Amino acid sequence: MLPEPKFVHLNNCEMAYRVIGSGKPLLLIHGYPLSGLTYRHVATQLASDFTCYIPDLLGAGETRWDRVTDFSFSAQADTLKLFVDAVGLTSYSILAHDTGGTIARALALRDPERVKHLALIGTEIPEHRPAWIEFFQRTTRPNSTWLLRNALKSKIFRESSAAFGGCFYNRKLMHGEFFD
């Protein structure tokens with residue numbers, strides 16, 4: 001299991017993050033509408049070879065933001081660059097999935113001297129933006145999270161392609177621990 005989050009102040013947010021393991025630094029970037037806890041099982045397996053840095057992105061998990069927070073992919077990448085500066089990483093690799101892959105590509109372009117490897121899993125296609133991404137971004141703004149929470153209470157929505165329907169071979173796995 002992952003440790004309790006630490007927090008670092010970056011511009012207009014308090015970014016929640018977890019660190020586990022020892023070895024070369026590995027930044028794990030989750031997708032939407034998830035959090036760093038997405039990597040709870042993967043990180044424990046990687047921890048013997050890597051020091052895993054697992055932030056909760058802006059608008060997700062336990063990261064705190066305010067009304068002026070920019071949730072765009074560009075702003076997410078800028079914030080993650082501030083994060084790696086704040087935790088003192090002189091070089092690092094990235095493992096990202098889903099929308100985290102788009103953010104990871106932008107981060108790698110902003111920080112090419114320090115990013116050593118980039119591994120992307122089930123990520124979006126550059127320049128292609130599914131319609132529901134904007135919906136997720138709108139629902140993660142302050143005072144809007146109730147909309148996404150209420151939508152996710154619907155089994156029909158959860159199993160749709162706009163939510164998690166395409167993410168599971170066995171859809172029964174999206175209920176229980178994952179949903180909790």
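Residues numbered from 1 in each chain as written. Predicted model: local features only at pLDDT ≥ 70, side-chain atom pairs only at ≥ 80, totals over all residues. Heavy atoms only, no water.

**Notes on the nonpolar core**
Keep this limit in mind: What we call a nonpolar core is a set of buried Ala, Val, Leu, Ile, Met, Phe, Trp, Tyr and Cys residues that are connected through their side-chain atoms within 4.5 Å. Type-normalised accessible area, obtained with a 1.4 Å probe on protein chains alone, sets the label of each residue: buried when under 20%, exposed when over 50%, and partly exposed for intermediate values. Counting from the N terminus, the helices are the DSSP runs of H or I reaching at least four residues and the strands are the DSSP runs of E reaching at least two. The contact definition used throughout considers only heavy atoms, calling two residues in contact when any of these lie within 4.5 Å.
Formed by 28 residues in total, the largest nonpolar core has its most connected members in L27, I29, F83, Y92, I94 and L107. At the level of elements, β1 (6-10), β2 (13-21), β3 (24-29), α2 (73-86), β6 (92-97) and α3 (99-110) are the ones that each hand at least two residues to this core. Beyond its immediate sequence surroundings of up to four residues, Y92 is in contact with P25, L27, V84, L107, D111, R114, V115, K116 and H117.

**As for α2**
Worth spelling out the cut-off: The span expected for a helix works out to 1.5 Å for each residue beyond the first.
Along its 14 residues, α2 runs 20 Å from first to last C-alpha, staying within 8% of the 20 Å computed at 1.5 Å per residue. Turning to α2, its buried residues number three or more, namely F73, A75, Q76, A77, T79, L80, F83 and V84. Of the residues trailing α2, G88 is marked for its positive phi of about 80°.

**Description of the packing of α2 against α3**
Our working definition: Each axis is a line fitted through C-alpha atoms, taken for helices only over the stretch in contact, and angles between the N-to-C directions span 0 to 180 degrees. We call two directions roughly parallel when the angle between them is under 35 degrees, roughly antiparallel when it is over 145, roughly perpendicular when it lies between 65 and 115, and oblique otherwise. Should the near helix be turned counterclockwise from the far one by less than a right angle, the crossing is left-handed, whereas a clockwise turn marks it as right-handed. Lys, Arg, Asp and Glu make up the charged group, whereas Ala, Val, Leu, Ile, Met, Phe, Trp, Tyr, Cys and Pro make up the nonpolar group; the residues left over, Gly among them, are polar.
Contact geometry of α2 with α3 gives a least axis separation of 8 Å together with a crossing angle of 60°. Comparing their axes, α3 and α2 come out oblique. Where α2 crosses over α3, the two elements pack in a sense that is right-handed. Every residue of α3 that contacts α2 at F73, S74, Q76, A77, D78, L80 and K81 is listed here: T99, T102, I103, A106, L107 and R110. Among the residues forming the contact of α2 with α3, the class breakdown is 6 nonpolar, 4 polar and 3 charged.

**Here's the deal with the pairing of β1**
The cut-off we apply is this: Paired strands, in this sense, are two strands between which DSSP finds at least two bridges.
Bridging between β1 and β2 involves 5 bridges; their strand directions are antiparallel. Paired with L10 across the bridge in β2 is C13. Linkage of β1 to β2, two consecutive antiparallel strands, is achieved through a turn of 2 residues, within which N11 is found at a positive phi near 45°.

**Re the side chain of R18**
As a reminder, the rule being used: As used in this structure description, the phrase polar contact means that two N or O atoms lie within 3.5 Å; if the pair is within protein, one of them must be able to donate a hydrogen and the other to accept it, and residues adjacent in sequence are counted only when both atoms belong to side chains.
With respect to the helices, strands and loops of the structure, R18 is situated in strand β2. Its relative accessible area of 5% is what places R18 among the buried residues. There is a polar contact of 2.9 Å between the side chain of R18 and the backbone oxygen of P3. Within the structure, the side chain of R18 is placed 3.0 Å from the side chain of E62, a separation counted as a polar contact. Setting aside residues up to four positions removed in sequence, R18 forms contacts with L2, P3, E4, P5, L37, C52, Y53, I54, D56 and E62.

**Considerations on unusual backbone geometry**
Among all residues except glycine, the phi angle is most often negative; among peptide bonds, the trans geometry is most common. Unusually for a residue other than glycine, N11 sits at a positive phi of about 45°. Looking at the secondary structure, you find N11 in the loop between β1 and β2. The backbone of D98 shows a phi angle near 55°, a positive value even though the residue is not glycine. For D98, the position within the fold is in the loop between β6 and α3.

**What about the pattern of salt bridges?**
Oppositely charged side chains are able to pair whenever their charged atoms sit close together. Defined as follows: When a carboxyl oxygen of Asp or Glu lies within 4 Å of a side-chain nitrogen of Lys or Arg, that pair is called a salt bridge.
A complete count under the given rule lists 5 salt bridges for this structure. A salt bridge links D56 to R18; the nearest nitrogen and oxygen atoms lie 3.9 Å apart. Linking D56 in the loop between β4 (50-55) and β5 (64-65) with R18 in strand β2, this pair joins segments that are 38 residues apart in sequence. Across the pair, R18 and D56 agree in class, each one buried. The partner of E62 in a salt bridge is R18, with the nearest N and O atoms 3.0 Å apart. Placement of the pair is E62 in the loop between β4 and β5 and R18 in strand β2, with a sequence separation of 44 residues. Since its relative accessible area comes to 37%, E62 is described here as partly exposed. Shared partners join several salt bridges into a network, and the residues in it are R18, D56 and E62.

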